[in-house]
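Single-letter residue listing:
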Amino acid sequence: TNATMQKQVVVIASSEENNITTWDLTTGTFLTSYKTTASSRNGLSLCGSNYIVACHNAKPAVQFWGWHKDQVHQRSFTPESMATITCSPDGVLLAGGSSSGMIYLWDTSSGQLLTVFRAHYKAVTSLCFLDGVSMLATGGEDTFVNVWLVQQMVDVGGGVGGGGGGINGSLERPEPLYSWSDHSLPVTALAAGSNGVGVGSSSILVTGSQDRTCQIRRVSDGRLLRSLTLPAAVNALALDAGEHTLYAGGADGVVYEIALVGKTVGDDGVVGFDLGVSSHAKNGSDNNNNNSSSSKKMKTPPPPFGLSKNSSQLMGSAAGMTNAATNSNSQVKRVRTDDDIRTGSGGGSGSGSATASHASSSSSPSPSPSSSTALLSVARTAAVEGLGGTWYRRLQGHTLSVAALALSVDGRVLVSGGGDGVAILWDVRSRQAIQAIACPRKTPVSNVLVIPHPPLLNL
């Protein structure tokens, strides 16, 4: 198929000042780097097909890069520092959340600030568009998860790009479609199937929190389908396009794999639960269809924020700061691990035996030794285990907390980024760690993306 044959690229960013690097997903070959930023978790996003965008965690600025140029293509200044940022799948809208709890929404074609309002009482930690651009889910340190109708957000905002009182949060706050407070500690991650793209997609929304739980809800009516309890705080989530498997990155350095369909132990020992949802169509009797919003049609955007212009643009109002560019070397180590998986006997306190047999062989474009080799010497998959009614598998390889997760376009490879400065590529079917990519200077990995190979890359 085209998805299988299509080249894919891994994009890695750090929470400390460093280059953004790109790597070939299949070969692990270093492609190019982009100078320079420091983005917190959930602070990097693809913007359309030709740009990436990141918010700086210490400066009131949003930066754009084009694939053909390693320098910042556009630096746009914001009223305050953004803690998290995401672009709609079609590249039309850019949403940002600040540490003060404000939500900002921009039109990428013009840079106009469409709306700003206080969505949370504390910092916004995660954003996720649902069903294209019709809904925006937000999670915050106040433990709340809110889902907003984008059209209502725009209508209430009325286009506040002139910098009126709304910049300070005095605009009318739209009513959220849903508002949930199931978590007892800050929300850290949001995930939806198919990345919110396509008809009938995003049938479920998964939320992760420092309270060690993941809540799975149906988007059509907001119903809670299942609550999952894990052994560690959840920092990152990834959900396959079919909404069959959930991956959660833990503060303990483990990636947890949870099957969301099936009720019995399969041949490979995976235990899952039928959530009663379909990834292909929502419930036909959905009472919330009237809330689906007839979003204003927005044309395919030109370069975001007027990127064809040679000057920085003001997003709202604020003074700007510039970044210093740095260069550094990066390395890849290729390894193999034996797939030694046994079925655990399931117990409420986490039964099941972990296995740890490994065989590593290096085939790297970078011959010098790297700590990623030592890291993957302990990479392993464990037997199915249980805790509080949640069955999962462990993918162990990071020595520090997992900060970011991303699935390949074809769903065959999972990429995890950790505070140990390494991104690990896992084969989804065998659950083996197949490669480790060291972040430049081993700074903590805060964001990973897996995208189709951009035509302009390396030109």
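Structure: above.
Each chain has its residues counted from 1, running along the sequence as written. Local features are withheld for residues below a pLDDT of 70 in this predicted model, meaning they are given only at 70 or higher, and side-chain atom pairs are given and counted only at 80 or more; totals for whole chains, interfaces and linings count all residues. With hydrogens and water excluded, all non-hydrogen atoms of the structure serve as input to the side-chain values.

**Q** Looking at this structure, how should I read the side chain of Thr84?
**A** A helix here means a DSSP run of H or I that spans at least four residues, while a strand means a run of E at least two residues long, and both kinds are numbered starting from the N terminus. For Thr84, the position within the fold is in strand S8 (residues 82-87). Given the relative accessible area of 0%, Thr84 is considered buried. Side-chain polar atoms of Thr84 contact the backbone oxygen of Asn42, separated by 2.8 Å. In this analysis, two residues are considered to be in contact whenever any of their non-hydrogen atoms come within 4.5 Å of each other. In this structure Thr84 touches Asn42, Cys55, Ala95, Gly96, Gly97, Val124, Thr125, Ser126 and Leu127, once residues within four positions along its chain are discounted. Think of it in three bands: residues with accessible area under 20% of the maximum for their type are buried, residues over 50% are exposed, and the middle band is partly exposed, with areas taken using a 1.4 Å probe on protein chains only. Polar contacts, as counted here, are pairs of nitrogen or oxygen atoms within 3.5 Å of one another; within protein the pair requires one atom able to donate a hydrogen and one able to accept it, and residues that are adjacent in sequence qualify only if both atoms are side-chain atoms.

**Q** Whenever I open this one, the nonpolar core confuses me. Can you help?
**A** Counting residues in each nonpolar core, the largest one holds 21 residues, and the members touching the most others are Val206, Cys214, Leu230, Leu237, Leu246, Tyr256 and Ile258. Ignoring sequence-local partners within four residues, the contact set of Val206 consists of Ala189, Leu190, Ala191, Cys214, Gln215, Ile216, Leu237, Leu239 and Leu246. For our purposes a nonpolar core is just a set of buried Ala, Val, Leu, Ile, Met, Phe, Trp, Tyr and Cys residues, chained together by side-chain atoms within 4.5 Å. If you look at the next biggest cluster of nonpolar residues, it comprises 17 residues, including Val124, Phe129, Leu136 and Val150.

**Q** I tried to follow the pattern of salt bridges on my own but got confused; where do I start?
**A** When the charged atoms of two side chains lie near each other, side chains of opposite charge can form a pair. A side-chain nitrogen of Lys or Arg and a carboxyl oxygen of Asp or Glu constitute a salt bridge if their distance falls within 4 Å. A complete count under the given rule lists four salt bridges for this structure. Between Lys35 and Asp70 there is a salt bridge, and its shortest N-O distance comes to 3.9 Å. Placement of the pair is Lys35 in strand S3 (residues 30-37) and Asp70 in the loop between strand S6 (61-66) and strand S7 (74-77), with a sequence separation of 35 residues. By relative accessible area, which is 30% here, Asp70 ends up partly exposed. Notably, a salt bridge pairs Asp221 with Arg218, separated by 2.7 Å at the nearest N-O pair. Relative accessible area serves as the criterion here: at 13%, Arg218 is assigned to the buried category.

**Q** For this particular structure, what's the right way to read the pairing of strand S13 (residues 135-140)?
**A** Side-chain direction in a regular strand flips from residue to residue, so the side chains alternate between the two faces of the sheet. For S13, the tally of buried residues reaches six of six residues, placing the bulk of the element in the interior. Side chains of S13 alternate between two faces, with Met135, Ala137 and Gly139 and Leu136, Thr138 and Gly140 buried alike. For two strands to be treated as a pair, DSSP must find no fewer than two bridges joining them. Here strand S12 (residues 124-130) folds back onto S13, and the loop between the two strands holds four residues, one of which, Asp131, carries a positive phi near 50°. As paired strands, S13 and strand S14 (residues 145-149) are joined by five bridges and run antiparallel to one another.

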